[in-house]
Amino acid sequence: VNPEVDHPRWSQATERVIGESILAPRIKTLMFNGYGDEVAHLYSGMDLKKNYWNKLKNYLKPTVFLFLLWPIYVILYQIIFNELGPEPVDRIINHFGEWTLIFIILTLSISPLRKITNSIEWLKFRRMVGLFTFLYASIHMLSYVGLDYRFDIEPLINDVFKKKFVFVGFSA
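The shown structure was predicted, so the numbers you read here are calculated from the model rather than taken from an experiment.

1. Details of the confidence of the model for the protein
Alright, step 1. In this model, the protein carries an average pLDDT of 84, and 90% of its residues clear a pLDDT of 70 or more.
Alright, step 2. Of all the helices and strands in the protein, helix H7 (residues 164-171) carries the lowest mean pLDDT, 73, while helix H3 (residues 70-80) carries the highest, 96.

2. Section: the pattern of salt bridges
Proximity of charged atoms lets side chains of opposite charge pair with each other.
Alright, step 1. Within the structure shown, the criterion is met by one salt bridge.
Alright, step 2. Notably, a salt bridge pairs Glu 121 with Lys 124, separated by 3.1 Å at the nearest N-O pair.

3. Considerations on the nonpolar core
Alright, step 1. Counting 13 residues, the largest nonpolar core has Leu 68, Phe 103, Phe 132 and Tyr 136 as its most contacted members.
Alright, step 2. In contact with Tyr 136, not counting residues within four places along its chain, are Leu 68, Leu 69, Trp 70, Pro 71, Ile 72, Phe 96, Thr 100 and Phe 103.
Alright, step 3. With seven residues, the next largest nonpolar core counts Tyr 149, Leu 156, Val 160 and Val 166 among its residues.

4. Focus: the environment of Asp 159
Alright, step 1. Residue position: Asp 159 is located in helix H6 (residues 153-162).
Alright, step 2. Discounting chain neighbours no more than four positions away, the residues touching Asp 159 are Tyr 144, Tyr 149 and Val 166.

5. Here we look at a nonpolar patch on the surface
Alright, step 1. Nonpolar side chains collect at one region of the surface, where Leu 76, Tyr 77, Ile 79, Ile 80 and Phe 81 lie side by side and expose about 530 Å² of accessible area between them.
Alright, step 2. Positionally, Ile 79 belongs in helix H3.
Alright, step 3. Take Ile 79: its relative accessible area is 43%, and that puts it in the partly exposed class.

6. Side note on the packing of aromatic side chains
Alright, step 1. Evaluated as defined, the whole model comprises eight aromatic pairs.
Alright, step 2. Ring centres 5.9 Å apart and planes at 25° place the aromatic pair Phe 96 and Tyr 136 in the stacked group. Of this pair, Phe 96 sits in helix H4 (residues 88-117) while Tyr 136 sits in helix H5 (residues 126-148), and the two are 40 residues apart along the sequence.
Alright, step 3. Judged by its relative accessible area of 0%, Tyr 136 is buried.

7. Overview of the packing of H4 against H5
Alright, step 1. With their axes 8 Å apart at the nearest point, H4 and H5 run at an angle of 160° to one another. Looking at the two axes, H4 sits roughly antiparallel to H5. You can see that H4 and H5 cross each other, and the crossing is left-handed.
Alright, step 2. Grouping the amino acids of the contact of H4 with H5 by side-chain chemistry returns 15 nonpolar, eight polar and three charged.

8. Remarks on the environment of Arg 127
Alright, step 1. Note that Arg 127 resides in helix H5.
Alright, step 2. Taking the C-alpha atoms as reference, Arg 127 lies 8.2 Å from Thr 107; in sequence the two are 20 residues apart.

9. Here's the deal with unusual backbone geometry
Alright, step 1. A positive phi angle is found at Asn 118, which is not glycine, with a value near 55°.
Alright, step 2. What makes Asn 118 exposed here is its relative accessible area of 73%.
Alright, step 3. For Arg 150, which is not a glycine, the phi torsion comes out positive at approximately 50°.
Alright, step 4. Among the secondary structure elements, Arg 150 is positioned in the loop between H5 and H6.
Alright, step 5. Here Arg 150 falls in the exposed class, since its relative accessible area comes to 69%.

Rules behind the numbers
- Residues numbered from 1 in each chain as written.
- Predicted model: local features only at pLDDT ≥ 70, side-chain atom pairs only at ≥ 80, totals over all residues.
- Heavy atoms only, no water.
- pLDDT = per-residue confidence, 0-100.
- Helix = DSSP H or I, 4+ residues; strand = E, 2+ residues; numbered from the N terminus.
- Salt bridge = Lys/Arg side-chain N within 4 Å of Asp/Glu carboxyl O.
- Core = buried A, V, L, I, M, F, W, Y, C linked by side-chain atoms within 4.5 Å.
- Buried < 20%, exposed > 50% of the residue type's maximum accessible area, 1.4 Å probe, protein only.
- Contact = heavy atoms within 4.5 Å.
- Patch = residues over 30% accessible without salt bridge, like charges linked within 9 Å, V, L, I, M, F, W, Y side chains within 5 Å.
- Areas by Shrake-Rupley, 256 points an atom, 1.4 Å probe, with all protein chains shown as cover.
- Phe/Tyr/Trp six-rings, centres within 6.5 Å; stacked < 30°, edge-to-face > 60°.
- Axes fitted to C-alpha atoms, helices over the stretch in contact; angles between N-to-C directions.
- Parallel < 35°, antiparallel > 145°, perpendicular 65-115°, else oblique.
- Left-handed = near helix turned anticlockwise from the far one by under 90°.
- Nonpolar A, V, L, I, M, F, W, Y, C, P; charged D, E, K, R; others polar.

Shown next, in the form of structure tokens:
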């Protein structure tokens, strides 16, 4: 933490002590949170007063967020214009299952991309992509259990033990 440079949304010049009352007075923030002797050498040659949050980065995360919603846009289009085909429930289940696999690959490829490009910018999107992976996996599972089996547990359990790919999906 550089107390001389404000965060885009708040000042870093002062801080509250953890465990103190919200009414307690704020204290001055120490450079590198008081660990200057231990970590200052890691920042040698860097301009610590430079604000790294330029306008491009402020627009990049919301743009990536909107792109990550693409599977929802596609399925909504297909629902609205009645293009799901003869088995709409299977189409919805398969759609979100396929996109879950794509997003798992995207999430797992972020760390290798960081190493290949020597840029930590990729890591800013890893959590968001991972959360969208979880979202699409949850929609996939809930559409399978809810739309296909209408939350009827007995035939669902029989299907899990009968079909290996369903067993693997449920165990994941």
